[in-house]
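Chain and residue survey
Spelled out, the chains give:
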Amino acid sequence: MSNLAELSVTALKGVGDKFAEVLAKLHIATVQDLLFHLPLRYQDRTRITPIAALLPGVDAVIEGEVRAADVVFGRRRSLIVRLQDGSGTISLRYFHFTAAQKSRFARGARLRCYGEARRGAAGLELYHPETELVDTEAPATPETLTPVYPLTEGVSQARLRGLVQQALALLNEGGVSELLPTELLPQSMRYPLGAALQYLHSPPAGADLAQLAAGVHPAQQRLALEELLAHHLSLLELRKSSSAIAAPPLPANEALERDFLARLPFALTGAQQRVCAEIAADLARGRPMMRLLQGDVGAGKTLVAALAALKGIGAGAQVAVMAPTEILAEQHRRNFSAWLEPLGISVALLTGSLKAAERRSQLAAVASGAAQLVVGTHALFQPEVVFHNLALVIIDEQHRFGVRQRLELREKGAASGATGRLQPHQLIMTATPIPRTLAMSAFADLDCSVIDELPPGRQPINTVAISNDRRDQVMERVQGAVADGRQAYWVCTLIEESESLQAQAAETTASELAKVLQGVRIALVHGRLKPDEKERVMNAFKAGDVDLLVATTVIEVGVDVPNASLMIIENPERLGLAQLHQLRGRVGRGSIASHCVLLYGTPLSQNGRARLQALRQHSDGFAIAEEDLRLRGPGEILGTRQTGEIQHRIADLQRDAQLLPQVQRIAASPSLGADLRHQLIARWLQNKPRFAEA
Ligand code: ADP
Ligand code: MG
């Protein structure tokens, strides 16, 4: 009996070194990898459907005799084959075909076809079905459902299916180890691993296709549990590996902190104090802190970041703060300068669009250590940035910062001048609360702190949803607010990611508003403005010289103008709940009652309606995140679409969320030994480079 985890795919018939390279692109190196390369979906070719019984939109196999094959010249030239069986006649339509293909469809030939029937001009048609000629002796229909696998260039479905069949034969001889001790599995999950794989690669005729498509067959759930467990274990390993790395201990510099706090016009909230203490304890140890700081918009994370930064600076080291946008980087630079420069601390700014001379001088200040705090965008981590004794990296508003980036940052920080092999501490801040179960899985390598209290005196934001049909009334409302001496945002959203299209939409809206709103001072801010221009506009708005700021979602995070008490969000149905909640958090920062108008386009889908309703009902970011998870799924919340993070083969974080507590329970069990843990990780995450470094 061979161990398939160690048996190379080249041991299979028809796989040479060259084809093995193609398979490697699918992360298939061993026979076990092949067995864990699971089908995306299934086709039912086990039954032949009478032509008269075909349904539109359903895949089916039909068999019949060719009555005619003609090239027709309609809007597009196409080949139409008329196929007849005892029950009826149907057309097969080909837009691309060769002379050889046409001659195959000779009158009287018997064909078996597989495809999806669709409504055409003259009743149901099959477009480009797969066909095979049936001789006197018809081949038997398969006894199992036909799997459809993820492919890459150079591998066909047929070839992959053939290989999997060979692998299954080996599996039957017992070559895949059952790594999970049975007693750790819940009763309903005690499906033998080999049987689950066998079932999923070739479900028997009559298997429940709907159940398989939904991913809830017990065989799928058994594998999903194991996959989620493997991911979870790999993050735990990552955490363990960080704790074996040395970081500079940063004890509190009490005089400096006292001085800082004494200059603040307010006292820390209880939650801020608690979180600061958690961070201080991490920083005092000689191990890199890996901490996620969650706090709703306006909870006061920046101040906590400043106190953490003081620990690094007070110990004579350098601290970097990374923001997701230039607007936010500049706002941080302003805040940190105002707070820290009076204490004799020098702050540098590095963004992508600094002028060459400015950039050179900032780079020099960073490299020499003259700048003790460095604020910037992603530009901070370009190779030419050389830090000087970097001890702490603070990442703002970046829950979309995946494991891979966390690792990269660790490496970069170490490479760019932390003393010796010491690695910098990391603090990742986010205003997008992550539901607990998700956080425990997706961020199992991080410690978590939560600021669960807003600074005193905040007014709740009154949120209403108004249809775009009543746009005039909304504009009147803006006029009224401005007449009362207040300021407002008008946020334009677009589905397109393109900044220039977004900017264009905002420009159009700004000029439309300017025509209607007499006497209102309107300014425009979007991602296409030059940084100094953006800063000028934001400063004017902060200073109260602008009444209405028309903006794209660039103002989403962090911007802080307490006198702004009204926000209009156009087409809110296009954005996620978490993003809307963040946007809305730009108002309600002062002591005046604030309002948010969701100006939606009609008609609104049912899901769209439910989401706006959730936003009106809840003011707590955590409740909204739970709703977002329910309505949209974890990919959106974690931003995995962007980072390519967490690509599961079979598990689906939302569908299988109920498995997560089991996963955590099993991972914590002492009867799962180190060896089993490593084998599980290797089985599910093999060849995934992001974990190789861990
Ligand atoms: P966020 O958590 O969204 O980043 P900020 O750090 O921008 O929030 O803080 C929002 C506002 O609250 C800022 O104007 C900040 O100065 C103010 N603030 C922070 N902490 C306190 C506090 N303890 N008491 C009063 N105001 C505070
Ligand atoms: Mg912030």
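Going by what an unreviewed UniProt entry lists, the protein chain is known as ATP-dependent DNA helicase RecG and is assigned to Microbulbifer donghaiensis. What UniProt states about the protein chain under its Sequence similarities (unreviewed entry) heading is, verbatim, "Belongs to the helicase family. RecG subfamily."

**Focus on the pairing of strand β19 (residues 548-551)**
Burial of the side chains of β19 extends over both faces: Leu-548 and Val-550 are buried on one face and Leu-549 and Ala-551 on the other. Alignment of strand β17 (residues 487-491) against β19, held across four bridges, turns out to be parallel. Paired with Tyr-489 across the strands is Leu-549, a residue of β19. Note that strand β18 (residues 522-525) and β19 share four bridges and pair parallel. Paired with Ala-523 across the bridge in β19 is Leu-549.

**Comments concerning the sheet that holds β18**
Read from one edge to the other, the open sheet built from six strands follows the order β16-β21-β20-β17-β19-β18, with strand pairing classed as parallel. Pairing within the sheet leaves two strands with one partner each, and these edge strands are β16 (461-467) and β18. Neighbour-to-neighbour, the strand axes of this sheet turn through a mean angle of 20 degrees, independent of strand direction. In this sheet, strand β20 (residues 564-570) lies alongside β17 in parallel orientation, the contact comprising five bridges.

**A closer look at the nonpolar core**
Soluble globular proteins: nonpolar side chains tend toward being buried together. Leu-23, Leu-35, Leu-197, Leu-200, Leu-223 and Leu-229 are the most contacted members of the largest nonpolar core, which has 59 residues in total. For this core, the elements supplying multiple residues, two or more each, are α1 (17-24), α2 (31-35), α4 (157-172), α5 (193-201), α7 (218-242), α23 (660-667) and α24 (674-685). When near neighbours in sequence (up to four residues on either side) are disregarded, Leu-229 contacts Leu-180, Val-663, Ile-666, Ala-667, Leu-672 and Leu-680. Judged by nonpolar contacts, the second largest core, of 42 residues, contains Leu-250, Ala-305, Ala-309 and Leu-340.

**Here's the deal with the environment of Ile-62**
The residue Ile-62 is located in strand β2 (residues 59-73) in this model. Since its relative accessible area comes to 0%, Ile-62 is described here as buried. A C-alpha to C-alpha distance of 5.8 Å links Ile-62 and Arg-112, two positions 50 residues apart in sequence. With sequence-adjacent residues up to four places away left out, Ile-62 is seen in contact with Ile-48, Thr-49, Ile-51, Leu-54, Leu-83, Ile-90, Leu-111, Arg-112, Cys-113 and Leu-126.

**Some remarks on the side chain of Gln-487**
For Gln-487, the location among the structural elements is in strand β17. Among the polar contacts made by the side chain of Gln-487, one reaches the main-chain carbonyl oxygen of Phe-541 at a distance of 2.7 Å. A distance of 2.9 Å separates the side chain of Gln-487 from the backbone oxygen of Val-546, its partner in a polar contact. In this structure Gln-487 touches Phe-541, Gly-544, Val-546, Asp-547, Val-561, Asn-563, Ala-564, Ser-565 and Leu-566, once residues within four positions along its chain are discounted.

**Notes on the site of ligand 1**
Residues in contact with ligand 1 amount to 17 residues; listed here are only the nearest, Gly-298, Lys-301, Thr-302, Arg-458 and Asp-560. A distance of 2.7 Å separates an oxygen atom of ligand 1 from a polar atom in the side chain of Lys-301. Here an oxygen atom of ligand 1 sits 2.6 Å away from a polar atom, N or O, in the side chain of Thr-302. The residue inventory of the shell around ligand 1, partitioned by class, reads seven nonpolar, five polar and five charged.

**As for the sheet that holds strand β11 (residues 347-350)**
Taken together, the seven strands give an open sheet; going across it, the order is β11-β12-β10-β13-β14-β9-β15, and neighbouring strands pair in parallel fashion. Looking at strand neighbours, the two that pair on one side only are β11 and β15 (447-451), the edges of this open sheet. Recorded for the sheet is a direction-independent mean angle of 20 degrees between the axes of neighbouring strands. Where strand β13 (residues 390-395) and strand β14 (residues 425-430) come together, four bridges link them in parallel fashion.

**Section: the environment of Ala-68**
Mapped onto the elements, Ala-68 comes out in strand β2. Put simply, Ala-68 and Ala-109 are 41 residues apart on the chain and 9.9 Å apart in space, counted from C-alpha to C-alpha. Setting aside residues up to four positions removed in sequence, Ala-68 forms contacts with Ile-80, Val-81 and Arg-82.

**Focus: the pattern of salt bridges**
Summed over the entire model, instances satisfying the criterion amount to 26 salt bridges. Glu-63 is paired through a salt bridge with Arg-112; the nearest N and O atoms lie 2.7 Å apart. Of the two residues, Glu-63 is situated in strand β2 and Arg-112 in strand β5 (residues 110-120); the sequence distance between them amounts to 49 residues. Arg-112 carries the same exposure label as Glu-63, and that label is buried. Between Asp-452 and Arg-274 there is a salt bridge, with its nearest N and O atoms 3.1 Å apart. Highlighted residues: Asp-452 in the loop between β15 and β16 and Arg-274 in helix α9 (residues 270-284), separated in sequence by 178 residues. A single salt-bridge network, built from bridges that share partners, covers Arg-274, Glu-278, Asp-282, Arg-285, Arg-291 and Asp-452.

About the criteria used
- Per-chain numbering applies: the sequence of each chain, read as written, is numbered from 1 onward.
- Key to labels: chains lettered from A, ligands numbered from 1, both in the order written.
- Selection of residues for local features in this predicted model requires a pLDDT of at least 70, selection of side-chain atom pairs for listing and counting requires 80 or more, and totals for whole chains, interfaces and linings are taken over all residues.
- To obtain the side-chain values, all non-hydrogen atoms of the structure were included, while hydrogens and water were left out.
- UniProt positions are given in the numbering used here, feature names are shortened, and annotations may be inferred rather than shown by experiment.
- Three exposure classes are used, based on accessible area relative to the maximum for each residue type with a 1.4 Å probe and protein chains only: buried under 20%, partly exposed in between, and exposed over 50%.
- Labels follow the DSSP assignment, with helices taken as runs of H or I lasting at least four residues and strands as runs of E lasting at least two, numbered in each case from the N terminus.
- Should DSSP find at least two bridges between two strands, the strands are regarded as paired.
- To define axes, lines are fitted to C-alpha atoms, for helices over the stretch in contact only, and angles between the resulting N-to-C directions are given on a 0 to 180 degree scale.
- Each nonpolar core is a collection of buried residues, namely Ala, Val, Leu, Ile, Met, Phe, Trp, Tyr and Cys, held together in the definition by side-chain atoms within 4.5 Å.
- Here, residues are in contact when the closest pair of their heavy atoms is within 4.5 Å.
- Under this definition, polar contacts are N or O atom pairs within 3.5 Å; protein pairs additionally need one hydrogen-donor-capable and one acceptor-capable atom, and for neighbouring residues in sequence, both atoms have to be side-chain atoms.
- When we say a residue is near a molecule or strand, we mean one of its heavy atoms is within 4 Å of it.
- Put simply, Ala, Val, Leu, Ile, Met, Phe, Trp, Tyr, Cys and Pro go in the nonpolar bin, Asp, Glu, Lys and Arg in the charged bin, and everything else, Gly too, in the polar bin.
- A carboxyl oxygen of Asp or Glu within 4 Å of a side-chain nitrogen of Lys or Arg is what we treat as a salt bridge.

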